[in-house]
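Results of the structural survey
So you can see what is in the structure, the chains are spelled out below.
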Amino acid sequence: MNDERHRPNPDALLLQSLQAHRGKLKIYFGACAGVGKTWAMLQEARRLREQGLDVLVGVVETHGRVETAQLLEGLTLLPRRQYGPSRYDAFDLDAALARHPAVILIDELAHSNAVGARHPKRWQDIEELLEAGIDVMTTVNVQHLESLNDVVSGITGIRVRETVPDPFFDSADEVVLVDLPPDDLRQRLKEGKVYVGDRAERAIENFFRKSNLFALRELALRRTADRVDDQIRAWRDRQGQERVWHTRDAILLCIGDGSGSEKLVRTAARLAARFGSRWHAVYVETPRLYKLPERRRRAILRTLQLAQTLGAETATLSDPDEARAVLRYAREHNLGKVVIGRRPPKWWRRDSFAHRLGEWGPDIDLVVVAVDSPATLTESAALSESRQQSDKWRTTLRGSLVAGALCLAVTLSGQFLLTGVDAANLVMLYLLGVVVVALRYGRWPSVFATVINIIAFDLFFVAPTGTMAVSDAQYLVTFGVMLAVGIITGNLTAGVRYQARVARHREQRAHTLYEMAKSLSSALTADDITATSTRVVSATLQARSVLLLPDEQGELQFSQVQALHSPPDHAIAKWSFSRGQPAGAGTDTLPAVPYQILPVRRGEQTLGLLVIEPENLRQLMIPEQQRLLETFTVLLASALERITLAQNAAAAKLAAEREQLRNTLLSALSHDLRTPLTVLFGQAEMLMMELAEEGSAHAEQAGQIREQTLSTVRLVSNMLDMARIESGGLNVRDEWVPLEEVIGSALQAIAPLRKHHEIALDLPDQMLLIRGDSTLLERVVTNILENSLKYAGDNAQRGIRASGDGSEVTIDIWDSGPGIEHDDLSRIFEKFTRVDKESAIPGVGLGLAICKTLVEMHRGTLTAHHRPQGGALFRIRLPQASLPDLPQTES
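About the criteria used
- Residues numbered from 1 in each chain as written.
- Predicted model: local features only at pLDDT ≥ 70, side-chain atom pairs only at ≥ 80, totals over all residues.
- Heavy atoms only, no water.
- Helix = DSSP H or I, 4+ residues; strand = E, 2+ residues; numbered from the N terminus.
- Buried < 20%, exposed > 50% of the residue type's maximum accessible area, 1.4 Å probe, protein only.
- Contact = heavy atoms within 4.5 Å.
- Core = buried A, V, L, I, M, F, W, Y, C linked by side-chain atoms within 4.5 Å.
- Pairing = 2+ DSSP bridges.
- Axes fitted to C-alpha atoms, helices over the stretch in contact; angles between N-to-C directions.
- Expected span 1.5 Å × (residues − 1).
- Arc of directions from axis to C-beta.
- Salt bridge = Lys/Arg side-chain N within 4 Å of Asp/Glu carboxyl O.
- Phe/Tyr/Trp six-rings, centres within 6.5 Å; stacked < 30°, edge-to-face > 60°.
- Patch = residues over 30% accessible without salt bridge, like charges linked within 9 Å, V, L, I, M, F, W, Y side chains within 5 Å.
- Areas by Shrake-Rupley, 256 points an atom, 1.4 Å probe, with all protein chains shown as cover.
- Polar contact = N/O pair within 3.5 Å; in protein donor to acceptor, adjacent residues only side chain to side chain.
- Lys, Arg positive; Asp, Glu negative; His and termini not counted.
- Charge placed at Lys NZ, Arg CZ, Asp CG, Glu CD.

With that settled, consider the overall build of the protein. Across its full length, the protein carries 26 helices and 24 strands. By the burial criterion, 43% of the 891 residues in the protein qualify as buried. Of the contacts made within the protein by residues no fewer than 6 positions apart, 68% connect residues no fewer than 24 positions apart.

The biggest cluster of nonpolar side chains holds 58 residues, and the ones touching the most others in it are Phe91, Ile104, Leu105 and Leu129. Take this core: its biggest share by element is five residues, from helix H2 (residues 37-50). Residue contacts for Leu105: discarding those within four places in its chain leaves Met41, Leu42, Ala45, Val55, Leu56, Val57, Gly58, Val59, Val60 and Met137. By size, the runner-up hydrophobic cluster in this structure holds 40 residues, among which are Leu747, Leu848, Leu862 and Ala864.

Spatially, five strands are ordered S11-S10-S9-S12-S13 in an open sheet, and the strand pairing comes out parallel. The open sheet is flanked by strand S11 (313-318) and strand S13 (365-369), the only strands paired with a single partner. Adjacent strand axes in the sheet meet at a mean angle of 25° when their direction is disregarded. Pairing analysis gives four bridges linking strand S9 (residues 251-254) to strand S10 (residues 279-285), with the strands arranged parallel. The partner of Ile251 across the bridge, within S10, is Trp279. Sitting on the sheet, helix H11 (residues 261-275) is in contact with S9, S10, strand S12 (337-341) and S13, with an inclination near 180° to S9. The sheet strands contacting helix H15 (residues 353-360) are S12 and S13, and the helix crosses S12 at an angle near 165°.

Let us now look at the pairing of strand S22 (residues 808-815). Of all eight residues that make up S22, seven are buried, and the element is covered over most of its length. The sheet contact formed by strand S21 (residues 798-804) and S22 spans seven bridges and is antiparallel. Each bridged residue has a counterpart across the sheet, and for Arg801 the counterpart in S22 is Asp812. Where S21 folds back onto S22 in an antiparallel hairpin, the turn is made up of three residues, including Gly806, whose phi is positive at roughly 95°. Examined bridge by bridge, S22 and strand S24 (residues 872-881) share seven bridges and lie antiparallel to one another. The partner of Glu808 across the bridge, within S24, is Pro879.

Its 19 residues place the ends of helix H18 (residues 443-461) 26 Å apart at the C-alpha level, agreeing with the 27 Å of an ideal helix rising 1.5 Å per residue. Among the residues of H18, Pro445, Ser446, Val447, Ala449, Thr450, Ile452, Asn453, Ile454, Ala456, Phe457, Asp458 and Phe461 are the ones counted as buried.

Before going further, it helps to examine helix H8 (residues 182-190). The set of residues buried in H8 consists of Pro182, Leu185, Arg186 and Leu189. Across the axial projection of H8, the buried residues extend over an arc of 95°, all falling on one side. In the stretch just after H8, Gly192 is the one whose phi turns positive, near 75°.

This paragraph deals with the pattern of salt bridges. Under the counting rule described, the total for this entry stands at 33 salt bridges. Linking Arg99 and Asp54 is a salt bridge whose minimum nitrogen-to-oxygen distance equals 2.7 Å. In this pair, Arg99 is assigned in helix H4 (residues 93-99) and Asp54 in the loop between H2 and strand S2 (55-59), connecting sequence segments 45 residues apart. The class of Asp54 is partly exposed, set by a relative accessible area of 31%. Among the ionic contacts, a cluster of salt bridges with common partners joins Arg81, Asp92, Asp94, Arg118 and Glu128.

Strand order across the open sheet formed by four strands is S14-S17-S16-S15, with antiparallel pairing between neighbours. Pairing within the sheet leaves two strands with one partner each, and these edge strands are strand S14 (543-548) and strand S15 (583-584). Examined bridge by bridge, S15 and strand S16 (residues 596-602) share two bridges and lie antiparallel to one another. Along S16, the bridge assignment pairs Gly584 with Gln596. In this fold helix H21 (residues 570-579) packs onto S15, S16 and strand S17 (605-614), with an angle of close to 140° to the strand it touches most, S17.

So, about the packing of aromatic side chains. Any aromatic ring pair is given by two values, namely how distant the centres are and how the planes are angled relative to each other. Tallied over the full model, the rule gives four aromatic pairs. Their ring planes at 50° and their centres at 5.4 Å tell us that Trp123 and Phe168 sit as a pair that is tilted. Taken together, the positions of Trp123 in helix H5 (residues 122-131) and Phe168 in helix H7 (residues 166-170) put the pair 45 residues apart, joining distant regions of the chain. Using a relative accessible area of 19% as the deciding quantity, one classes Trp123 as buried.

Together, Leu408, Leu412, Phe416, Leu417, Leu418, Leu429, Leu432 and Val436 make up an exposed nonpolar region whose accessible area comes to about 770 Å². For the nonpolar patch, the secondary structure elements donating two or more residues are helix H16 (379-417) and helix H17 (423-441). In terms of residue count, H16 provides more of the nonpolar patch than any other element does, four residues in total. Relative to the helices and strands, Leu417 resides in helix H16.

Take Leu177: it is sitting in strand S8 (residues 174-178). When the C-alpha atoms of Leu177 and Val35 are compared, they prove to be 10.0 Å apart, with 142 residues separating the residues in sequence. Apart from the residues within four sequence positions on either side, Leu177 is in contact with Phe29, Ala220, Leu221 and Thr224.

Below, the discussion takes up the side chain of Arg223. As for its position among the elements, Arg223 is in helix H10 (residues 210-239). Within the structure, Arg223 has its side chain in polar contact with the side chain of Asp166 (distance 3.3 Å). When residues no more than four places from it in sequence are discounted, the contact partners of Arg223 are Phe29, Leu145, Leu148, Asp166, Phe169 and Asp170.

On to a positive patch on the surface, then. A cluster of basic side chains, namely Lys263, Arg270, Arg274 and Arg342, defines a positive patch on the protein surface. Topologically, Arg270 is positioned in helix H11.

Turning our attention to unusual backbone geometry. If you check the backbone angles, His100 has positive phi at about 45° while not being a glycine. Counting through the fold element by element, His100 comes out in the loop between H4 and strand S6 (103-106). One non-glycine residue, Asn334, adopts positive backbone phi at about 55°. Counting through the fold element by element, Asn334 comes out in the loop between helix H14 (322-332) and S12. You can call Asn334 buried: its relative accessible area is 7%.

Right, let's get into the environment of Trp279. Residue position: Trp279 is located in strand S10. Judged by its relative accessible area of 5%, Trp279 is buried. With 58 residues separating them along the chain, Trp279 and Lys337 place their C-alpha atoms 9.3 Å apart. Contacts of Trp279, omitting those with residues within four sequence positions, involve Ile251, Leu253, Val265, Ala268, Ala269, Ala272, Ala307, Leu310, Gly311, Ala312 and Glu313.

To continue, consider the pairing of S17. Among the 10 residues that make up S17, nine are buried, leaving the element largely enclosed by the rest of the structure. Taken together, the seven bridges between S16 and S17 define a ladder with antiparallel strand orientation. Within S17, the position partnered with Pro599 by the bridge is Leu609. Here S16 hands over to S17 after two residues, with Gly603 in that stretch at a positive phi of 70°.

In this section: the side chain of Lys37. Relative to the helices and strands, Lys37 is located in helix H2. Here Lys37 occupies a buried position and makes no salt bridge, while the nearest side chain of opposite charge, Asp107, is found at 6.9 Å. What Lys37 contacts, discounting residues up to four positions off in sequence, is Tyr28, Phe29, Gly30, Cys32, Thr139, Val140, Asn141 and Val178.

The following block contains the structure:
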């Protein structure tokens, strides 16, 4: 039976058997680019290959680094596969699964896959490889972790779009931290070992500032340390390790029934801040402390709340022995330092609380703090405590009377009804009365019952009767046994009563959570969730409650607050909703109001407010009740989010069906309109030329017909192209394209529209080459220029400026017109979006949407900006291709 806790868990064995066929994930983790993650991964790959393992390089990005490229020599490279209309070279998941190496290297864990790949994210590819039993080595930077994304954004001012879920990172079998001091990293940048060309200079001035590197390095080190700490705790749980390991200076504060507890809390908080460690604060509620006066219990709860405010993780433990409960909690949470107040030993025991902790926990450091002397009670507090003491003595007196009645009943029964019963059996009847009194009234009435039972037994059933004298000395042993058994039975029964009461409360909380989760899982509307929360909170806390939810505009609805006796102030509720912080009783914000407001949050979003108005405010201060309320809010948030996601899914499905219908209609209309428009354009052009040769006065009108027909042809072409893009039927050719030809062809295409408008050109002398489809790139420039001619005005200046830095080509198309509103800078790239819907200028809002899609198909970006001189600027960034090597000719 002693080895029962060392038996393996069947669920754990099943999990291990399932994981035995899963590959192992090894992540090389760093603070930022350039610290050497890929280099370290390749070094490990070469070592494994020398050991005879089948190592395959799936994806490794060298970024032009010579040292990294040299490590690839001798390793097997997986050929890449082209995806999407742009024919982008990317990782071939199917080929890797078919090859099934022992180990595969996949760089840049947070990378987003190309359009057309099986999974949108690279970490999902790795998940499939692991499920196939292939070991994977990969790399990732700290800014790509989802939980730290906003933190890094606040530090660097740059929002990282490609992230990895933390659960996937935590599931790695091994995480290797690759670290480099900031000065060494910046030196590598200056030497061109991280980025080449002007990118290194820009990186040093922006992302790779020394302050940023220090902060990112600290985040990476802390994240790795947290993972190691979790691994230690998991190993201790599996091994049943009971001794505390002093790997971190974690602190446990013991809050007791006495003055000076607030000083203890502040001392523990200062120690934790000095050590930079986490700390816990616990209060052990023994059967004796459970009967404390209300004033002293409130003081303990306030102290626990102070500790929680100062950053502690608080808990209330239920155990008859305070020292053993503290030691068990410290070992379960690996807390090496226990902070206690100096307490004198109780009069009935020689050893103090500190002595017991030191004797039973030799592996734990004790910090004993001097506490303040007891404070004088106020008149009201003294009156309250006196009243509670009076109630306590009233209960004790009632129990004593019952004990006397039971003793009298047993004595009379022995004298008149059970005359033939042996004395030993009468002793059992007396002890039964002691147990009954202990179960109902506690310890001291049971002790009184023991004493009077011994006296009654001696007077009426031990010779000589009627006196306290004893003729047979053996009865002294009987009296001693009766006294000992009575006292022990009373103490044990009182402890059982206390433990049963605690177990009943815990069972009620578990049942409440189960019923609430069950009801919320079947809720279909927000009204169902509101009704469930009101019913459960009212039944659990004997409190009135309402759930305030926002409307479609995000404004809180206060229609249900009339159910409360003291409706919450609208300003307080709006403050709590906007800040996502609790307010009211039991909090640091307006604690004097008779209600508490808890935000129902999911991540960073506040979904609603739970307002609770208890009959007794003490219910809101008990830590267990606070945790129960926090659990309620989590369940409510999950239910509200589930309904929101269901509504969003239905709306997305409807939008997708509507979009598909619209694309089908556009495709059909475009095909049907294109042929007659082409004929009409040709006829209009012939008519214009003939009238111009004849010198007719109607030649200008014919020219306007031709221009409007051409504009309509472009509009229909845009609709057809968008339909082809949405259906995936637009293919992008991959060829060498000189930028000058693209711009020249675009200017030629819009020549009829720019009759009296000059477009300034600022192009470099050297040839800029792009890999892509010249026709589609010409369409991009044409659409942007056409928009400028339409909306910038007749007096506006226009121009095109291009430049290249060896890795990227930048094309700026600008004008000096009225510009674009700030809120519309990103919205203008949405389909069927026009800034001025009532404008008389023809168009349906597809041109810029098509431009953005075509640029992204060329692995580039298209953005809109305000010009400092006034007007709008559209910036196109495309990867720059180097000049192809020409074959040498013999002279």
